[in-house]
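Tertiary structure, described
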Number of protein chains: 4
Amino acid sequence: MLYFVNDYCEGAHEEILKRLVETNMEKLDGYGMDSYCESAKEKIRRACECPNADVTFLVGGTQTNAVVIGSMLNRYEGVVSAKTGHVSVHEAGAIEYTGHKVLEIPEKDGKIDAQVLRQYLETFYQDGNHDHMVFPGMVYISHPTEYGTLYTKAELKAISEVCKSFEIPLFLDGARLGYGLVSKGTDLTLADIAHLVDVFYIGGTKVGAFCGEAVVFPNGAPKHFITMVKQQGALLAKGRLLGIQFDTLFTNDLYLKISENAIQTAEVLKQALKERGYQFYVDSPTNQIFVILEDHQKERLEKRVAFSFWEKMDESHTVVRFATSWATKMEDVKALIEIL
Amino acid sequence: MLYFVNDYCEGAHEEILKRLVETNMEKLDGYGMDSYCESAKEKIRRACECPNADVTFLVGGTQTNAVVIGSMLNRYEGVVSAKTGHVSVHEAGAIEYTGHKVLEIPEKDGKIDAQVLRQYLETFYQDGNHDHMVFPGMVYISHPTEYGTLYTKAELKAISEVCKSFEIPLFLDGARLGYGLVSKGTDLTLADIAHLVDVFYIGGTKVGAFCGEAVVFPNGAPKHFITMVKQQGALLAKGRLLGIQFDTLFTNDLYLKISENAIQTAEVLKQALKERGYQFYVDSPTNQIFVILEDHQKERLEKRVAFSFWEKMDESHTVVRFATSWATKMEDVKALIEIL
Amino acid sequence: MLYFVNDYCEGAHEEILKRLVETNMEKLDGYGMDSYCESAKEKIRRACECPNADVTFLVGGTQTNAVVIGSMLNRYEGVVSAKTGHVSVHEAGAIEYTGHKVLEIPEKDGKIDAQVLRQYLETFYQDGNHDHMVFPGMVYISHPTEYGTLYTKAELKAISEVCKSFEIPLFLDGARLGYGLVSKGTDLTLADIAHLVDVFYIGGTKVGAFCGEAVVFPNGAPKHFITMVKQQGALLAKGRLLGIQFDTLFTNDLYLKISENAIQTAEVLKQALKERGYQFYVDSPTNQIFVILEDHQKERLEKRVAFSFWEKMDESHTVVRFATSWATKMEDVKALIEIL
Amino acid sequence: MLYFVNDYCEGAHEEILKRLVETNMEKLDGYGMDSYCESAKEKIRRACECPNADVTFLVGGTQTNAVVIGSMLNRYEGVVSAKTGHVSVHEAGAIEYTGHKVLEIPEKDGKIDAQVLRQYLETFYQDGNHDHMVFPGMVYISHPTEYGTLYTKAELKAISEVCKSFEIPLFLDGARLGYGLVSKGTDLTLADIAHLVDVFYIGGTKVGAFCGEAVVFPNGAPKHFITMVKQQGALLAKGRLLGIQFDTLFTNDLYLKISENAIQTAEVLKQALKERGYQFYVDSPTNQIFVILEDHQKERLEKRVAFSFWEKMDESHTVVRFATSWATKMEDVKALIEIL
């Protein structure tokens, strides 16, 4: 059975494994106070061109979203998100569990538009009283989005400017950031992102690590951030596990290098799908490919390849997702193409 | 200045005042354990034809919604509501503050449709995993809705059946219930509602009381409901204040009788608006009248009559609301008509 | 049956009733934006000698504690309270429901000591890491306390100084403040309190009102306080009900005058108890009298007078409470004395 | 510098590393649905002699406590814990963040006593109303405790019986369970624990794993437990990381075998401390040794060995902790003894 279900089905990149083995018996301080965490933070600061950034390593994506949003919002505020945003749809209400509303706005292919955002905020503050409403306290976007799409530099800049003009922070969820950074045609670099947002995270779980997301506050973290991380049960005792992984990923550009494999394999697969006349649900330039299958196609493929159900399109069509990753082998892609 | 801003601008019905004065120096137990609360509960049970109903008196509407929803939902559940539902839009995130998501579904004139609800629930449970999503744990509707519209008995029955088939409770917000019950042409009685929903409240604040909403659980309240009421700061020490008010409102049908005044005055006003060619934003059969004003009309009227801004319609039009109530004088309506 | 169970068993002071009746049909703005609220706030500011104070009217005591504490604490903070503090023991977990821990410290007769507080705070910040602990974010005291005791001016000043030196706000729960202000021998005035604390409330429910507590922030309320009040379901639509009551209570010193009745009747009762050899559980100078009864005494008295069970003392003794109030008649006290 | 600061300063047991490397490129399902998680669960069920137990792998201790307590308690309930319980003191308010109060009861050397617990519960339910209080909804104990002490089988049985008679679940925090199970003289087995409590966890982080705690519900987990895990941000995408670790630890009794090293090294160290006249703060039979040092002793030792500050004893004495672990080398213990 070929496996294209998701981008977190393997363990960790072999270089990470090697470093974990090498450092295993060193006695290190806990809770992220060790030298590997320090080194990893420094490398990330450099990669982001943000010498004063606060970097914190958390374990997983939902956790990171809940911790970042829950620690940045005031009590009377909610987080603005695309209707399709992961925080709104697929995190079991983790944001609401912290007491905050997700304020949904319309999206297109998973992306929000600066103009739509501006209008939403203007309407909120326009005449009429808003004291009985949830204040928009931050904006959440994902890059790549849940549909694999990417913001251009101009688009992100426009969103950033709207946020600045309303004085609300911008948070970029980078669970799959590596795949976005090396996508063909993207003009957004890590330094651009660090420059344009108030907080973002560099996803490890889906890009070569066993687990781990690096939260970056380019201009400093909220006061007592670590205590809030602990309060949400997100502080790892053996912080080394995260520090060593990110130190490895940010040595010799490993993070970007291994991301490229996902893009290359995805490109080959997309080309083949296109040639065979498959319809795409959305045009994604990264490692997630959303295809509309007729039911009989779906049944046939399911026998030999594992992929993700996304949603019912209509009576006889289904949207499914094929995902590649840092670990996908080109030979598996070719085997998949054979049976398309 | 004529005042049609809302339906809570006067104090309490004079009969209530009289009873408060009469009973004032009686020494009564606190926290709703007094004889007036008991009597009021019994009268409400009778009016609802629900001899086993649990009745609890709370102070205000947002509080009641937060207490009912927060005490009935399991932790992993959210409340399904029309996108325009009061709990979703105008309660400052009170529901999310209890840790629960408001799951918005489409509406028409403030009402949800049984078919739309069924489809939403079916999609949630259809193939594909929903363990990472917020479970729909109850359905919230308002009657009259935020737009003054009403469910027919058939419509409410259909929604009730969908809820039953998915085994989730149905909650009816009756902040303005009196006005709905006496609206011309409605076929829904108090007993019907008590029969078709799992919990509802009979609004006092907007129908003749200083404050107070009577929460009715036709088949019994959640375990330790009073402790949860206390936990949300909603347990009134001098429960008599609520008990005496509702005891009065449910003596000799006072609640329905005074509601009729709101409908009669609204009908006269609506007829006059229609004759003068005003456009309605929605066709409301109760005491809230939503009118689309051109800006110059709005400016002219504002000088002599107070009404509510609702929302901008477009560049040159605004939706406004005129509200009548149990206390509106027909002479004020006539004065308003003069200047329309 | 004589009734000394609590200080909230009657309705409202007759002057309040009169004003409610007089103003009843005036059309006023909602949510505390009416002229009576404004007038009441101004009178309270004057009584507190705090021209810039923010005053907000809430409905009840637990609600007020939860709203004040929940809106002033940062997420990583808890509220320091005497182990016997109302917020810790008798509010059904209302503070924890807002996500905050009550940090208990030792007390004597319901009061905390400045030195004990200082030591607690110093220990918290001493060497050793406290990032994994709940930060002490404010201090809660009650005056009178749950045991009817009072702080002296020197004691409150000392506590205030400790709070200032650690930069954490001091909150005084004045559910029974009136009775404290007119207690014989107290040297603490309303202006003193407003000068020494960061927030306090003037209790109405137990001092002549149907309901209502006036929250005073001498130096301004937290940003968007009203939205947080709404979020906790504590914003009364007909704010007039609270405004008119407090406007009345703060006209011609009515609040203090009616408080005196509670003290006078309590003094007579205490004297009689002392003469008859009853043992006091605590020496309270206000309107709550805690007496240790032998079981046979308790049984005998219970037949003719209602009082409060407080706690079991030992196998054969029970602590009970007799409470007087603004409404207690001296003839009832005399009747009680007859049967002691 | 010798390092005896804690029991989580090394990486993972080499056998775990080996298995992680071997299985690294296998494509596995996410979120704990993989075969290694299944296998680990089955082995744990067998070790616990609980064929129907629900086993869930979480990442860390605070997280586990917050998830278990937050998912088992009703909204009106709190968790009873020793005053020194980790959940009460050192988790940054993680329990309160879920909305629940920690109800502290007295302890001795970190342990609670069945009689004290029974009395606490009886007092709660005795005459007098408890509707305004937080209901005791579960009991939390740790084994070993925060002071390294252990319950005997008779003691745990007595606590279990109290819980059963009040129908509240018993939760045992086993962050260091391995060290308790192999402590000399303990008569409590894993099967005993599984038989006597309603939920417990087998700590991995402090006993040979990089991270991970195995939550065991001997009689089944709460409904939709996984959704609540996700809601608290505690669901690991690559569940394999936890599954493989626990599968390894529960193969050939590795968990118990490596725990023995901690006990053996601790015993040698304790004996030496005793011989040299050091005073113990508490008599711990497990891997944590609490010693009272005079300040000059502390200063001298600090130069060559790292240990934990615990608390100030008095002006000139400090309580410190030496911890051994699965990874402590006997040669390091000997070197430490040399310089004592």
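Rules and cut-offs
- Residues numbered from 1 in each chain as written.
- Chains lettered and ligands numbered in written order.
- Predicted model: local features only at pLDDT ≥ 70, side-chain atom pairs only at ≥ 80, totals over all residues.
- Heavy atoms only, no water.
- Helix = DSSP H or I, 4+ residues; strand = E, 2+ residues; numbered from the N terminus.
- Rg over C-alpha atoms; globule rule 2.2 N^0.38 Å.
- Buried < 20%, exposed > 50% of the residue type's maximum accessible area, 1.4 Å probe, protein only.
- Contact = heavy atoms within 4.5 Å.
- Buried area = accessible area lost by both parts, 1.4 Å probe.
- Salt bridge = Lys/Arg side-chain N within 4 Å of Asp/Glu carboxyl O.
- Polar contact = N/O pair within 3.5 Å; in protein donor to acceptor, adjacent residues only side chain to side chain.
- Axes fitted to C-alpha atoms, helices over the stretch in contact; angles between N-to-C directions.
- Parallel < 35°, antiparallel > 145°, perpendicular 65-115°, else oblique.
- Nonpolar A, V, L, I, M, F, W, Y, C, P; charged D, E, K, R; others polar.
- 1 Å grid on protein atoms, 1.4 Å probe; cavity = no way out; pocket = protein on both sides within 12 Å on 5 of 7 lines; lining within 4 Å.
- Points joined across faces, edges and corners; volume = space filled by probe spheres on them.
- Least-squares fit on C-alpha atoms with pLDDT ≥ 70 in both.
- Expected span 1.5 Å × (residues − 1).
- Pairing = 2+ DSSP bridges.

1. Let's talk about the overall build of chain A
What chain A contains, in helices and strands, is 14 helices and 13 strands. By the compact-globule yardstick of 20 Å for 340 residues, chain A fits well, its C-alpha radius of gyration being 20 Å. Each of the three principal axes of chain A carries a C-alpha extent, and together these read 60 × 55 × 35 Å. The buried share of chain A, taken over its 340 residues, is 65%. Across chain A, every contact between residues at least 6 apart in sequence was considered, and the portion connecting residues at least 24 apart equals 72%.

2. As for unusual backbone geometry
All names here are of chain A. Note that the residue after His-143, namely Pro-144, is joined by a cis bond; omega there is -5°. Structurally, Pro-144 is set in the loop between strand 5 (135-142) and helix 7 (153-166). If you check the backbone angles, Glu-49 has positive phi at about 55° while not being a glycine. The topology assignment puts Glu-49 in the loop between helix 2 (35-48) and strand 2 (54-58). Backbone geometry at Asp-109 places phi at a positive 50°, although glycine is not the residue there. Of note, Asp-109 is situated in the loop between strand 4 (102-105) and helix 6 (114-125).

3. With respect to the interface of chain A and chain D
Contacts between chain A and chain D engage 44 residues on the former and 44 residues on the latter. When chain A packs against chain D, the two sides together hide about 4,300 Å² of surface, and 59% of this comes from carbon and sulfur. Broken down residue by residue, the surface that chain A buries against chain D is led by Lys-27, Tyr-97 and Lys-238 of chain A, which jointly contribute 19%. Linking chain A with chain D are two salt bridges. Residue Glu-10 of chain D is joined to Lys-27 of chain A by a salt bridge in which the shortest nitrogen-to-oxygen separation is 2.6 Å. Linking chain A to chain D there are 27 residue pairs in polar contact (both at pLDDT 80 or more). Of all the secondary-structure elements, those providing two or more residues to the side of chain A that touches chain D are helix 1 (14-23), helix 3 (61-72), helix 5 (94-97), helix 10 (225-231) and helix 11 (240-249) of chain A.

4. Concerning the packing of helix 12 (residues 254-275) of chain D against helix 14 (residues 330-339) of chain D
Residues and elements named next belong to chain D. Contact pair helix 12 / helix 14: the axes reach a minimum separation of 10 Å and the direction vectors enclose 10°. Classified by the interaxial angle, the pair formed by helix 12 and helix 14 is roughly parallel. Between helix 12 and helix 14, the residues in contact are Gln-264, Thr-265, Val-268, Leu-269 and Ala-272 and Met-330, Val-333, Leu-336 and Ile-337, respectively. Split into classes, the residues belonging to the contact of helix 12 with helix 14 amount to seven nonpolar, two polar and no charged.

5. Details of the interface of chain C and chain B
At the interface, 44 residues of chain C touch 44 residues of chain B. Counting each side, the surface lost to burial between chain C and chain B is near 4,300 Å², with a carbon and sulfur contribution of 58%. Contact with chain B buries area across many residues of chain C, yet Lys-27, Tyr-97 and Lys-238 of chain C alone supply 19% of it, more than any other trio. If you look at where chain C meets chain B, you find two salt bridges. Residue assignment for the side of chain C that touches chain B shows that the elements contributing at least two residues are helix 1 (14-23), helix 3 (61-72), helix 5 (94-97), helix 10 (225-231) and helix 11 (240-249) of chain C. Considering only residue class, the side of chain C that touches chain B consists of 22 nonpolar, 13 polar and nine charged.

6. Here's the deal with empty space enclosed by the protein
Under the definition given, this model contains 12 cavities of 30 Å³ or more. If you add up the space inside the largest cavity, you get close to 140 Å³. Contributing to the lining of the largest cavity are 18 residues, with Tyr-97 and Gln-232 of chain A together with Tyr-97, Gln-231 and Gln-232 of chain D lying nearest its centre. Sorting the residues of the lining of the largest cavity by element identifies helix 3 and helix 5 of chain A together with helix 3 (61-72) and helix 5 (94-97) of chain D as the ones contributing at least two each. Among the residues making up the lining of the largest cavity, the classes are represented as eight nonpolar, 10 polar and no charged.

7. Some details on the relation of the copies chain C and chain B
Rotating chain C by 180° and translating it 0.0 Å along the rotation axis places it on chain B, where the RMSD comes to 0.0 Å. Considering both components of the superposition, the chain copies are consistent with a two-fold axis.

8. Thoughts on the relation of the copies chain A and chain D
Mapping chain A onto chain D is achieved by rotating through 180° and translating by 0.0 Å along the same axis, at an RMSD of 0.0 Å. Mapped onto chain D, 100% of the interface residues of chain A again fall at the interface, so both copies present the same surface.

9. A look at helix 12 of chain D
All names here are of chain D. Between its first and last C-alpha atoms helix 12 spans 33 Å; for 22 residues at 1.5 Å apiece the expected length is 32 Å, and the two agree. Residues Leu-254, Tyr-255, Ile-258, Ser-259, Ala-262, Ile-263, Thr-265, Ala-266, Leu-269, Lys-270, Ala-272 and Leu-273 constitute the buried set of helix 12. Backbone geometry just after helix 12 places Gly-277 at a positive phi near 85°.

10. Quick word on the environment of Glu-38 of chain B
With respect to the secondary-structure elements, Glu-38 of chain B resides in helix 2 (residues 35-48). When the C-alpha atoms of Glu-38 of chain B and Val-55 of chain B are compared, they prove to be 9.2 Å apart, with 17 residues separating the residues in sequence.

11. Observations concerning the sheet that holds strand 13 (residues 317-323) of chain B
To summarise the sheet geometry, strands pair through backbone hydrogen bonds and adopt either a parallel or an antiparallel arrangement. All names here are of chain B. Taken together, the four strands give an open sheet; going across it, the order is 9-10-13-12, and neighbouring strands pair in antiparallel fashion. With partners counted over all chains shown, the strands left at the sheet margins are strand 9 (279-280) and strand 12 (308-314), one partner each. Here strand 12 pairs with strand 13 via five bridges, running antiparallel. Note on strand 13: the bridge partner recorded for Asp-314 is His-317. Packed onto the sheet, helix 12 (residues 254-275) meets strand 9, strand 10 (288-294) and strand 13 and runs at close to 25° relative to strand 10.

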